[in-house]
Amino acid sequence: MLDHRDPDSLVVGLYGTWGVGKTSLINLVLEEMNSAASNSLDEEKPIILNFSPWSYSGQGQLIYSFFRRLSSALRSADYLENANQIIYLLELYVSFFTQKPVPARLRLPRTWWNRIFHPHDESYGWEAGRDLTQVKAELNELLRKQKHKIIIMIDNISRLQQQEIKQIFQIVKSIGDFSNTAYLLAFDKEQVVKAINQMDGSGGEAFVEKLIQLPFDVPPILLQDLEAIFIDRLQDVIKIVPQEAWNIEYWSDIYYGSLKYFFHHCRDISRYANTLSFSYPRLRDVVNPVDFFALTAIEVFSPAIYFAIRDNKDLFTDLLDHVYELTPERIDKAKLRCNEIISRDSRVSYDVMLELLMQLFPRIRRIYLPGTRYHHEEASARKWRRLCSPDMFDLYFRLSMQTGQILSSEFMTFLASAGDATAFDHILIRLNQDGRIAQFLDQLDSKLIEHIPKEDIQSIINALIDNGDLFPEGLHSELSLDTPMRIHRIIRRLLERMKTQEERFILLQTAIAKATKSLYIIAHELQQQDKEHLEDVDPMAPQTFRLLSNEQLELLHQLANSRISLWAKNGSLIDHPKLLSILFAWKTWNKHNECQQFVYEAVKTDRGLIAFLTAALTGPIEQAMKKNEKQTDWMNALDNITAFIPVKDIEAHAKLLFEDNYFEKLREKEQLSLMIFLDLVKPETQKTIPQTLG
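Residues numbered from 1 in each chain as written. Predicted model: local features only at pLDDT ≥ 70, side-chain atom pairs only at ≥ 80, totals over all residues. Heavy atoms only, no water.

Participant: Would you mind showing me how to read the pattern of salt bridges here?
Facilitator: Charged atoms that come close allow side chains of opposite charge to pair. If you walk through the whole model with that rule in mind, you get 32 salt bridges. One salt bridge connects Arg144 with Glu141, and the closest N-O pair in it is separated by 3.2 Å. In this pair, Arg144 and Glu141 both sit in helix α5 (residues 132-145), three residues apart, roughly one turn of the helix. For Arg144, a relative accessible area of 38% puts it in the partly exposed group. Owing to a relative accessible area of 36%, Glu141 belongs among the partly exposed residues under this scheme. In this structure, Asp445 and Arg486 form a salt bridge, with 3.3 Å as the shortest nitrogen-oxygen distance. Taken together, the residues Asp445 in the loop between α23 (437-444) and α24 (454-467) and Arg486 in helix α25 (residues 483-495) connect sequence positions 41 residues apart. With respect to burial, Asp445 and Arg486 carry one shared label: buried. Three or more residues are tied together by salt bridges with common partners; here these are Asp442, Asp445, Glu450, Arg486, Arg489 and Arg493. (Salt bridge = Lys/Arg side-chain N within 4 Å of Asp/Glu carboxyl O. Helix = DSSP H or I, 4+ residues; strand = E, 2+ residues; numbered from the N terminus. Buried < 20%, exposed > 50% of the residue type's maximum accessible area, 1.4 Å probe, protein only.)

Participant: Honestly, the state of the cysteines in this entry has me stumped. Any pointers?
Facilitator: In protein structure, a disulfide is the covalent linkage between the sulfur atoms of two cysteines. Applying the stated criterion across every chain yields a total of zero disulfides. A disulfide-free cysteine, Cys388 has its sulfur positioned 15 Å from the sulfur of Cys338, the nearest such atom. (Disulfide = S-S within 2.5 Å.)

Participant: Teacher, can you tell me more about the sheet that holds strand β4 (residues 181-187) here?
Facilitator: In sheet architecture, strand pairing relies on hydrogen bonds along the backbone and comes in two forms, parallel and antiparallel. Strand order in the open sheet formed by five strands is β2-β3-β4-β1-β5, and the pairing between neighbours is parallel. Edge positions in the sheet fall to β2 (47-51) and β5 (214-217), since each of these pairs with one other strand and no more. Along the sheet, successive strands turn relative to each other by an average axial angle of 15 degrees, direction set aside. Bridge count for strand β3 (residues 150-154) against β4 is five bridges, and the pairing is parallel. Looking at β4, one finds that Ile152 is bridged to Tyr183. Relative to β2, helix α2 (residues 62-76) is tilted by about 150 degrees, and along the sheet it contacts β2, β3 and β4. (Pairing = 2+ DSSP bridges. Axes fitted to C-alpha atoms, helices over the stretch in contact; angles between N-to-C directions. Contact = heavy atoms within 4.5 Å.)

Participant: Can you help me understand the confidence of the model for the protein in this one?
Facilitator: Detailed reading of predicted coordinates is not advised where the pLDDT is low. On average, the protein scores 85 in pLDDT, and the residues at 70 or more come to 90%. Between residues 110-120, whose pLDDT stays under 50, and residues either more than four places distant or in other chains, the model counts seven contacts. (pLDDT = per-residue confidence, 0-100.)

Participant: I tried to follow the layout of surface pockets on my own but got confused; where do I start?
Facilitator: Where empty space is left becomes clear once a probe the size of a water molecule has been rolled over the atoms. A volume near 770 Å³ is recorded for the largest pocket. Every residue lining the largest pocket is counted, 34 residues in all, and those nearest its centre are His576, Pro577, Lys578, Ala615 and Thr618. Elements that contribute at least two residues to the lining of the largest pocket include exactly α25, α27 (520-531), α29 (579-589), α31 (606-616), α32 (618-627) and α35 (668-681). Along the lines of polarity and charge, the residues of the lining of the largest pocket split into 17 nonpolar, eight polar and nine charged. Approximately 490 Å³ is the volume found for the second largest pocket. Forming the boundary of the second largest pocket are 18 residues, of which Asn247, Tyr250, Tyr374, His375 and Arg386 lie nearest the centre. (1 Å grid on protein atoms, 1.4 Å probe; cavity = no way out; pocket = protein on both sides within 12 Å on 5 of 7 lines; lining within 4 Å. Points joined across faces, edges and corners; volume = space filled by probe spheres on them. Nonpolar A, V, L, I, M, F, W, Y, C, P; charged D, E, K, R; others polar.)

Participant: Quick question: what am I supposed to make of the side chain of Asp456 here?
Facilitator: When you line up the elements, Asp456 lands in helix α24. The buried charged residue Asp456 lacks any salt bridge partner; its closest oppositely charged side chain belongs to Lys333, at an N-O distance of 8.9 Å. Contacts of Asp456, omitting those with residues within four sequence positions, involve Leu415, Ala418 and Gly419. (Lys, Arg positive; Asp, Glu negative; His and termini not counted.)

Participant: What is the right way to read the packing of aromatic side chains from this model?
Facilitator: We describe a pair of aromatic rings using the distance from one ring centre to the other and the angle between the two ring planes. Taken as a whole, this structure holds 33 aromatic pairs when the rule is applied. A centroid spacing of 5.6 Å and a plane angle of 25 degrees characterise the contact between Trp251 and Tyr255, whose relative ring orientation is stacked. In this pair, Trp251 and Tyr255 both sit in helix α11 (residues 248-257), four residues apart, roughly one turn of the helix. Comparing Trp251 with Tyr255 shows no difference in burial state: the two are buried. Geometrically, the ring pair formed by Tyr280 and Phe293 is edge-to-face, given 5.6 Å between the ring centres and 90 degrees between the ring planes. With Tyr280 in helix α12 (residues 266-283) and Phe293 in helix α13 (residues 289-301), this pair connects stretches of sequence that are 13 residues apart. (Phe/Tyr/Trp six-rings, centres within 6.5 Å; stacked < 30°, edge-to-face > 60°.)

Below you can see the structure in the form of structure tokens.
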């Protein structure tokens, strides 16, 4: 470009794919240009503009920004002859295209003749008395007399929008093809040709070839050179790896078997090394370095798979294998899940990603290659802090952001597992642990529910009934449903898929009978079913339109009573966070005062009395914790107590607990339950209840 003697402009093309090193090569060219300028006479020094259109993309002023930068470069060259005239002509020229006035500071000084006979300042190109062709001819004549080469480098063209790519080429081809000017354009030729073809229909290849006079292809870096750069960039991280923790054989299997295929360019290595340099020092004492290095590559280049690994602990570790045998049926379902996860990203081939997952997770190897000889011990994995150990797994994701998202493909995989009641139950448990159960319920409560096979409905209702108490309750308002109501809505829609009341009854009966982890969700569901049978509901549904008959609903009440009674006998009921709601349901459905008998026996113990009062006075307790003052409607909360037991029967016990030193060991809510109760019934106490409650 410096030696080009033809006064017409020269256009050099630098072709290469993303990350191949075009920008680095431009920087080397720029360095060489500056070196040449420092060794040249002033009248021969090149004027260099390094223009990045990406900085101005989307602002609708690409042409204007280019010429503003070119004008600035010319003004900075204090050795440019006729500089004021050249810059003024350039500004006039730009004004024709941009419809913007010439900046006042760049206009030529006016003669007294012009000031008299042309009182208005010439600020636009068309006001200067010359047309566009004349202005450009005068500008080219001045530039042709110069010995200075104007070198313009334009990078990142492939990143621009289609119309902006055409604008850049318009500048080079016609608007900015000035004398003694040379352009160096760097872009991905395939992407640019594609963009032009999409705009013009065809002709992209011919357009580029006609524009570029001297093309150069930047060759891709050799794999052995890329590996050398990879090793060099990781030296700082390797230095802090505990020597005894690094297994060179394991690393070799990981790197040469799959990991090296993640790196295509030097830029990939930089992204990876930067991420690793940040995260590994923070976790090095709790993770296996080889596993962490490999997982970081998945995080950087295939984040969708990375988050899927994080959210599917039971698939990638032997978390549940000691409980549930890995049968051929379970292997097929696990393959389905794993294949769906691998399909989420195509950075590397399916085989490469599967190979890496089999190296990191022995369970995946057992699933895909059950007959292959491979030694793995859970104790050894825990000792070496391997990612595959259930005990160590979560530590690797400490720095990851929680997305809470469920991809459509993943959701469909979950639904496909509903044919296996146990597997689907585990899926809901895992989604609840991951904080994604609310989104799962939201996606389930859609038109998809109409396409669920009828034979899978029982598994879904079973899992919802059995796990509902474990889910976050959510917020209930006039415009939103809390989790129990969302579950009821889903169950109702599933029941409506059945044609007869008997089929619906069997579905609910089976789910309630099998439930072992939840109780409130059973009570809540039956209370919602009760509403359909209340006479004061307007309009009350006729018998034939109800989901269940009166007799069937009564049988379900009896079944629910038996479940509540079982929880009461084994000591679990008194600690249930929804104790009060369950007690009211039990009292309504039980004809033998079993609920009241339970409360009488429970409040005889310190633990039972505190739990009962905390449940009955939940409203006042929460208000006291927020506002730290008594509310006028607290007295109504006593009705929650007297519905099950007279106040006088627990007053003395509550007073004793409040005055005992044991009171100071209670949690805040438990202390408030005693103080609020005693403040409401007002017995004489040796200790003073805080004024905020009195």
